[in-house]
Number of protein chains: 2
Amino acid sequence: MQNRAVRTRGAVLVAAAEQFDRHGYGGTSLSRISTAADLSTGALTFHFPTKDALADAVQWHGRHTTQLVVDGLTELRPPPLRGVVDLTLALAGLLERDVTVRAAARLSRERPGCPAVWCTAWNPALGRLAARVTGGPSPAGAAGPLVALARHLVAGVEVHLRCAAGQEGGLGASPGVQAEIEQIWSLLLHGMDLLK
Amino acid sequence: MQNRAVRTRGAVLVAAAEQFDRHGYGGTSLSRISTAADLSTGALTFHFPTKDALADAVQWHGRHTTQLVVDGLTELRPPPLRGVVDLTLALAGLLERDVTVRAAARLSRERPGCPAVWCTAWNPALGRLAARVTGGPSPAGAAGPLVALARHLVAGVEVHLRCAAGQEGGLGASPGVQAEIEQIWSLLLHGMDLLK
C-alpha cells in the first residue's frame, strides 16, 4: 500500500509539473491537475491538500534535481570559464528534458510572495565560478557581467523552449537549445573579435 | 462622448496590460481586469467583448510601440554590430518602462494557439542587422549565434524584470536592466579575450 501511495504521489507531482509548466501558477487549478493525473479531487488532496502545497513540492523537486547536477559539475573542479559554460549547458539540458525543473523555473517567477527557489540551486555556484574566472589577470569587475550573461542565457533557454517565436522571423531552423548555447559561447570565446 | 469612450478604452487597455503582465494569460480573468479598471463587467465588455479581444488589443498595442522604436533605430543605419547592441538596449528599455510591451511579450508566449505577435516587431530587423555584421570578413554562419545571443539577452531582461531571484545568490546589487545589457556587451566586445 505504501509503495502505491508513493507511486501515486510521484505521478501527481509530474502531472502538476506539466500543468504548471504549461499554464503557469495563475492558470493552473487543483481540478485541472486532478483531471491531468486521472484522480478525483478528493484523492488528489489526500496527497497534497492545496495548490500551494503542490507548487511547493514541484519547486523543491525541481530544485533538488538541479542541485544534484550542479554539485556533480562543480565537484569536477573544471577550469572556471569552462565551468561557467558547462553550467549553462547543464541548466539548458535540464530545462529541455525535465518538466519538474522547467515548472520550478516558471513557478520561481510567478508565485506571488514566494522565494525564487529554483535559482538558489545554481546562482551560488555560478557566482563562485565567475569570481574564480576574474580572480586572475582579467579586468576587475567582470564577474558581474559574466554572471549576468550566464543568467540571461539560462533565461533565454527557458523563454525559447516555450516561445514558438524562437523559430520565427525568417531566421532559419533553430538547433537544440544546448547546441545553440554552445554556438553562442563559441562565438563569444573565439569569434567576437572578428565581428568588430 | 466619443473622446470619453476613447479615454476609457485606453484606460482599460493599460489596466488589462498590467494584469496580463503580472498574472499571465491563464491567471487573468475579465472580472480581475474590470476590478483593476474600476468598471463594471458590462462596461468593460462594451469596449472589449472577451478576454481574447483584450489580449489581442494589448499584444498589438505593445507590438506597435515596439515597431516604432525599432524602425526609428534602423532608419539611422547604424554600423550593424552597433545596431544589434542598440536594438537589445532599446528592447530592454521598452520592457522596463512600458507595461503594454511587457504584457505583449508575455502574452506572445502564453496564449495557446496564437501567433507570437511581439517578436515579429523586432526579429526581422535583428536578422538583417546580424546578416550585415557577418557579411564582411567575419566567420561564416556567425549570424545565427549572434541572433540567438541577442534573443537570449532580450529574454533574460524580461525574465529578470519579473524574477526577484535576479538579485539573489549573493551576487551583489543588480544595476538597471539596460546598464546590465551594456556591461554584458562591453565584456563580450572588449573583455572576453582577457578571461581566457
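Residues numbered from 1 in each chain as written. Chains lettered and ligands numbered in written order. Predicted model: local features only at pLDDT ≥ 70, side-chain atom pairs only at ≥ 80, totals over all residues. Heavy atoms only, no water.

Visitor: Mind showing me how you'd approach the overall build of chain A here?
Guide: In terms of regular secondary structure, chain A is built from nine helices and zero strands. Each helix and strand of chain A, placed in order from N terminus to C terminus, yields the pattern α-α-α-α-α-α-α-α-α. Within chain A, the proportion of its 196 residues that are buried is 54%. When contacts within chain A are restricted to residue pairs at least 6 apart in sequence, those whose partners lie at least 24 apart make up 72%. Approximately 8500 Å² of chain A is accessible, and the part contributed by carbon and sulfur atoms is 55%. (Helix = DSSP H or I, 4+ residues; strand = E, 2+ residues; numbered from the N terminus. Buried < 20%, exposed > 50% of the residue type's maximum accessible area, 1.4 Å probe, protein only. Contact = heavy atoms within 4.5 Å. Areas by Shrake-Rupley, 256 points an atom, 1.4 Å probe, with all protein chains shown as cover.)

Visitor: How should the pattern of salt bridges be read in this particular structure?
Guide: Once their charged atoms are close, side chains differing in charge can pair, the charge on each being opposite to the other. Scanning the model with the defined rule gives 16 salt bridges over all chains in all. Of the charged contacts in the structure, one is a salt bridge between Asp-52 of chain A and Arg-111 of chain A, with a shortest N-O distance of 2.7 Å. Of this pair, Asp-52 of chain A sits in helix H4 (residues 51–75) while Arg-111 of chain A sits in the loop between helix H6 (99–110) and helix H7 (123–133), and the two are 59 residues apart along the sequence. By relative accessible area, which is 36% here, Asp-52 of chain A ends up partly exposed. Between Arg-102 of chain B and Asp-21 of chain B there is a salt bridge whose closest N-O contact spans 3.1 Å. Linking Arg-102 of chain B in helix H6 (residues 99–110) with Asp-21 of chain B in helix H1 (residues 2–23), this pair joins segments that are 81 residues apart in sequence. Overall, the relative accessible area of 11% leaves Asp-21 of chain B in the buried class. Within the structure, one salt-bridge network assembled from shared partners comprises Arg-106 and Glu-110 of chain A together with Arg-106 and Glu-110 of chain B. (Salt bridge = Lys/Arg side-chain N within 4 Å of Asp/Glu carboxyl O.)

Visitor: I'm lost on the confidence of the model for chain A in this one. Help?
Guide: Parts of the model with low pLDDT should not have their predicted coordinates read in detail. Residues and elements named next belong to chain A. Looking at chain A as a whole, its pLDDT mean stands at 86, while 87% of the residues score no less than 70. Element-level pLDDT for chain A is lowest in helix H9 (residues 177–195), with a mean of 83, against a maximum mean of 96 in H4. Across residues 164–173, confidence stays below pLDDT 50; counting only partners more than four residues off in sequence or on other chains, it has 16 contacts. We note a pTM of 0.86 for the whole complex and an ipTM of 0.82 for its interfaces. (pLDDT = per-residue confidence, 0-100.)

Visitor: Would you explain the packing of helix H7 (residues 123–133) of chain B against helix H8 (residues 143–162) of chain B in this entry?
Guide: How two helices sit against one another is set out by the angle between their axes and by the gap between those axes. All names here are of chain B. Following both chains from N to C, one finds H7 and H8 inclined at 140 degrees, their axes separated by 9 Å at the closest point. Of the possible angle classes, the one that applies to H7 and H8 is oblique. Here H7 runs over H8; the crossing is right-handed. Contact residues: Asn-123, Leu-126, Gly-127, Ala-130, Ala-131 and Val-133 in H7; Ala-143, Leu-146, Val-147, Ala-150 and Arg-151 in H8. Of the residues contributing to the contact of H7 with H8, the split by class is eight nonpolar, two polar and one charged. (Axes fitted to C-alpha atoms, helices over the stretch in contact; angles between N-to-C directions. Parallel < 35°, antiparallel > 145°, perpendicular 65-115°, else oblique. Left-handed = near helix turned anticlockwise from the far one by under 90°. Nonpolar A, V, L, I, M, F, W, Y, C, P; charged D, E, K, R; others polar.)

Visitor: Explain the packing of helix H5 (residues 80–97) of chain B against H6 of chain B to me, please; I cannot follow it from the model alone.
Guide: All names here are of chain B. Two numbers describe how H5 lies on H6: the axes approach to 5 Å, and their chain directions differ by 105 degrees. Judged by the inter-axis angle, H5 sits roughly perpendicular to H6. Each of Leu-94, Leu-95, Glu-96 and Arg-97 in H5 lies in contact with H6, whose residues at this interface are Val-99, Val-101, Arg-102 and Ala-105. Looking at the contact of H5 with H6, its residues break down into five nonpolar, no polar and three charged.

Visitor: Is there a simple way to think about the environment of Gly-24 of chain B in this case?
Guide: All names here are of chain B. Position of Gly-24 among the secondary structure elements: in the loop between H1 and helix H2 (30–36). Using a relative accessible area of 0% as the deciding quantity, one classes Gly-24 as buried. On a C-alpha basis, the gap between Gly-24 and Thr-8 in space is 23 Å, while along the polypeptide they are 16 residues apart. When near neighbours in sequence (up to four residues on either side) are disregarded, Gly-24 contacts Gln-19, Arg-106 and Glu-110.

Visitor: What's the story with the packing of aromatic side chains in this structure? I'm lost.
Guide: For any pair of aromatic rings, the description consists of the separation of the ring centres together with the inter-plane angle of the planes. Residue and element names in this part refer to chain A. Counted according to the given criterion, the structure contains four aromatic pairs over all chains. Summarising the aromatic geometry, the rings of Phe-20 and Tyr-25 are spaced 6.2 Å apart at their centres and angled 15 degrees between planes, so their arrangement reads as stacked. Judged by relative accessible area, Phe-20 falls into the buried class, the value being 0%. The side chain of Lys-51 reaches across the aromatic face of Tyr-25, ending 4.2 Å from its centre. (Phe/Tyr/Trp six-rings, centres within 6.5 Å; stacked < 30°, edge-to-face > 60°. Lys NZ or Arg CZ within 6 Å of the ring centre and 35° of its normal.)

Visitor: What should I look at first to understand the environment of Arg-82 of chain A in this one?
Guide: Residues and elements named next belong to chain A. The residue Arg-82 is located in helix H5 (residues 80–97) in this model. Considered as a pair, Arg-82 and Val-133 are 51 residues apart in the sequence and their alpha carbons are 9.2 Å apart. There is a polar contact of 2.8 Å between the side chain of Arg-82 and the side chain of Asp-86. (Polar contact = N/O pair within 3.5 Å; in protein donor to acceptor, adjacent residues only side chain to side chain.)

Visitor: I'm lost on unusual backbone geometry in this one. Help?
Guide: Negative phi characterises most residues that are not glycine, and trans characterises most peptide bonds. The phi dihedral of Asp-38 of chain A is positive, around 60 degrees, even though this residue is not glycine. When you line up the elements, Asp-38 of chain A lands in the loop between helix H2 (30–37) and helix H3 (41–47).

Visitor: Please clarify how the side chain of Lys-51 of chain B should be interpreted in this entry.
Guide: All names here are of chain B. Looking at the element boundaries, Lys-51 is found in helix H4 (residues 51–75). At 7.3 Å, Asp-52 is the nearest oppositely charged side chain to Lys-51, a buried residue that forms no salt bridge. Of note is the side chain of Lys-51, whose polar atom sits 2.8 Å from the backbone oxygen of Thr-28. Dropping the residues within four chain positions of it, Lys-51 is found in contact with Phe-20, Tyr-25, Gly-26, Thr-28, Ser-29 and Leu-30. (Lys, Arg positive; Asp, Glu negative; His and termini not counted.)

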